[in-house]
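Below, each chain spelled out in residue letters.
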Amino acid sequence: MRVYLNGEFVDISQARVPIDDRGFLFGDAVYEVIHLYGDHLFAWDLHIERLKFGLQALEFPPVDLDALRQAAEVLKQDRDYEEGSLYIQISRGVYPRSHVFPPEGTKPTVVMWIRPVDPVPAELLAEGVRVVTVPDDRWSKVWIKTVGLLPNVLAKEKARRMGAYEAIFVRDGVVTEASSANVFMVRRGVIRTAPETNYILPGITREVTLQIARELDLPVELKPFLPEEMYQADEAFLTGTNIGILPITTVDGHYLGKPGPVTQRLLQAFMAKTKEVSSRLG
Ligand code: PDD
């Protein structure tokens, strides 16, 4: 498997980053995950736009993001699988450990690779998943997609140990998002999800889902909700690059029922989009 590392393609066995890399020492790095459906890097432009905002917010030196697209095309040539997951990570570069930013001229470390992934199993889509709520103890800039994901890791592991698929974060009494997905609920035909604030990641799949809802004329409310409202929901689902749209059937032990009609419609339209090669989305 080939890895793109600072402008070169190397075999994964040769891909090395020095111990002084700031991503390794401080989590001083941003990342993106982009799904590859067949030959199609889904919503590439939206992902790169978010990456750009993150780099700017953290005052990284300029990175040639156009070069990433060309490199992704090269990595795609190795493809002998149907679905893949492209990972990009950009750190503030390599410099002896010091909290202050490294001196001007320090080059960011840019890595990218694609790994094959299995499609979401049909039974998971048909049956939906269990989720549990956990306190949202993350920092206040989670809208920036940084690699500092320890609270997410702990939350997901907690969910796993409780026999659940995902952990839903709750901050100040309201649902923000999940450990690696955004969260939606449906009540009396209205689709609800938390509005974009610094306390959620503006998910690309969330954005595409909202666009689909508009296209289908389904009512949407960008309004936070309580876990208790989720317990009463007619339907609920997760959105994310790895999972697409994934129905939720149980929240903290409250059974909502099998994946409902609104989720099914969104899911069908989403799957159709992953198949259509649209220049706007990728
Ligand atoms: N995670 N919220 C969080 C905290 C996430 O980590 C993710 C995605 C999302 C959904 O965003 P998107 O639709 O752009 O994937 C929301 C990625 C896939 C990951 O860390 O693997």
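Definitions and cut-offs
- Residues numbered from 1 in each chain as written.
- Predicted model: local features only at pLDDT ≥ 70, side-chain atom pairs only at ≥ 80, totals over all residues.
- Heavy atoms only, no water.
- Axes fitted to C-alpha atoms, helices over the stretch in contact; angles between N-to-C directions.
- Helix = DSSP H or I, 4+ residues; strand = E, 2+ residues; numbered from the N terminus.
- Parallel < 35°, antiparallel > 145°, perpendicular 65-115°, else oblique.
- Left-handed = near helix turned anticlockwise from the far one by under 90°.
- Contact = heavy atoms within 4.5 Å.
- Domains from an automatic or database assignment.
- Buried area = accessible area lost by both parts, 1.4 Å probe.
- Salt bridge = Lys/Arg side-chain N within 4 Å of Asp/Glu carboxyl O.
- Polar contact = N/O pair within 3.5 Å; in protein donor to acceptor, adjacent residues only side chain to side chain.
- Nonpolar A, V, L, I, M, F, W, Y, C, P; charged D, E, K, R; others polar.
- Core = buried A, V, L, I, M, F, W, Y, C linked by side-chain atoms within 4.5 Å.
- Buried < 20%, exposed > 50% of the residue type's maximum accessible area, 1.4 Å probe, protein only.
- Near = heavy atom within 4 Å.
- Areas by Shrake-Rupley, 256 points an atom, 1.4 Å probe, with all protein chains shown as cover.
- Pairing = 2+ DSSP bridges.
- Phe/Tyr/Trp six-rings, centres within 6.5 Å; stacked < 30°, edge-to-face > 60°.
- Lys NZ or Arg CZ within 6 Å of the ring centre and 35° of its normal.
- Patch = residues over 30% accessible without salt bridge, like charges linked within 9 Å, V, L, I, M, F, W, Y side chains within 5 Å.

## Details of the packing of helix H6 (residues 204–215) against helix H8 (residues 261–275)
In step 1: Across the interface, H6 lies against H8 with an axial gap of 10 Å and an inter-helix angle of 110°. On the basis of their axis angle, the class for H6 and H8 is roughly perpendicular. Where H6 crosses over H8, the handedness of that crossing is right-handed. From H6, Thr205, Val208, Thr209, Gln211, Ile212, Ala213 and Glu215 reach across to H8, where they touch Leu266, Ala269, Phe270 and Lys273.

## Here's the deal with the domain arrangement of the chain
In step 1: Domain annotation of the chain identifies domain 1 (2–116) and domain 2 (122–280).
In step 2: Taken over both partners, the interface formed by domain 1 and domain 2 buries close to 1,900 Å², and the fraction arising from carbon and sulfur atoms is 68%.
In step 3: When the buried surface of domain 1 facing domain 2 is broken down by residue, Tyr31, Phe42 and Arg50 rank first, second and third, together holding 34% of it.
In step 4: At the boundary of domain 1 and domain 2, one finds zero salt bridges.
In step 5: Along the contact surface separating domain 1 from domain 2 lie four residue pairs in polar contact (both at pLDDT 80 or more).
In step 6: Contributing elements (two or more residues each) for the side of domain 1 that touches domain 2: strand E3 (29–37), helix H2 (44–57) and strand E5 (83–91).
In step 7: Residues that form the side of domain 1 that touches domain 2 fall into these classes: 13 nonpolar, seven polar and three charged.

## Things to note about the nonpolar core
Buried together is how nonpolar side chains tend to be arranged in soluble globular proteins.
In step 1: Formed by 38 residues in total, the largest nonpolar core has its most connected members in Val183, Ile191, Met230, Leu238, Ile248 and Leu266.
In step 2: Of all elements in the fold, only strand E7 (129–135), strand E8 (166–171), strand E9 (174–178), strand E10 (182–187), H6, strand E13 (235–240), strand E14 (244–251) and H8 reach the threshold of two or more residues within this core.
In step 3: Per-element accounting of this core gives the leading share, five residues, to H6.
In step 4: When residues are assigned to domains, this core turns out to be shared by domain 1 (2–116) and domain 2 (122–280), each giving three or more.
In step 5: Among residues more than four places away in sequence, those in contact with Val183 are Ile168, Val175, Glu177, Ala178, Arg192, Thr193, Ala194, Phe225, Met230, Phe237 and Leu238.
In step 6: Ile34, Leu51, Phe60 and Leu75 belong to the second largest nonpolar core, which has 26 residues in total.

## A closer look at the site of the ligand
In step 1: Taken together, 20 residues sit near the ligand, with Tyr31, Glu177, Ile204, Thr205 and Thr241 positioned nearest.
In step 2: One of the side-chain N or O atoms of Thr205 is found 2.6 Å from an oxygen atom in the ligand.
In step 3: Bound to the protein, the ligand loses 92% of the 470 Å² it would expose on its own.
In step 4: Its residues placed into classes, the shell around the ligand shows six nonpolar, ten polar and four charged.
In step 5: Split by domain, the shell around the ligand shows at least three residues from each of two domains, domain 1 (2–116) and domain 2 (122–280).

## Remarks on the sheet that holds E3
One key point about sheets: their strands pair by backbone hydrogen bonds, in either a parallel or an antiparallel sense.
In step 1: Spatial strand order, E2-E1-E6-E5-E3-E4: six strands in an open sheet with antiparallel pairing. Looking at strand neighbours, the two that pair on one side only are strand E2 (8–11) and strand E4 (40–41), the edges of this open sheet.
In step 2: Here E5 runs beside strand E6 (residues 109–116); their pairing, made up of eight bridges, is antiparallel. Within E6, the position partnered with Leu86 by the bridge is Ile114.
In step 3: The strands touched by H2 are E3, E4 and E5; relative to E3, the strand with the most contacts, the crossing angle is about 180°.

## Digging into the packing of aromatic side chains
In step 1: Following the criterion strictly, the structure yields six aromatic pairs and no others.
In step 2: Taking 5.5 Å as the distance between ring centres and 75° as the angle between the ring planes, the aromatic pair formed by Phe42 and Phe270 counts as edge-to-face. Here Phe270 lies in helix H8 and Phe42 lies in the loop between E4 and H2, a separation of 228 residues in the sequence. There is no split in this pair, since Phe42 and Phe270 are both buried.
In step 3: In this structure an aromatic cluster arises from ring pairing among Tyr31, Tyr87 and Trp113.
In step 4: For Arg69, the ring lying beneath its charged end belongs to Trp44, and the centroid distance is 5.0 Å.
In step 5: Between the NZ or CZ atom of Lys156 and the centre of the ring of Tyr165, over which it lies, the distance is 5.7 Å.

## Concerning a nonpolar patch on the surface
In step 1: The grouping of Leu150, Val153 and Leu154 at the surface amounts to a nonpolar patch, some 310 Å² of accessible area in total.
In step 2: Along the chain, Leu150 turns up in helix H5 (residues 150–161).

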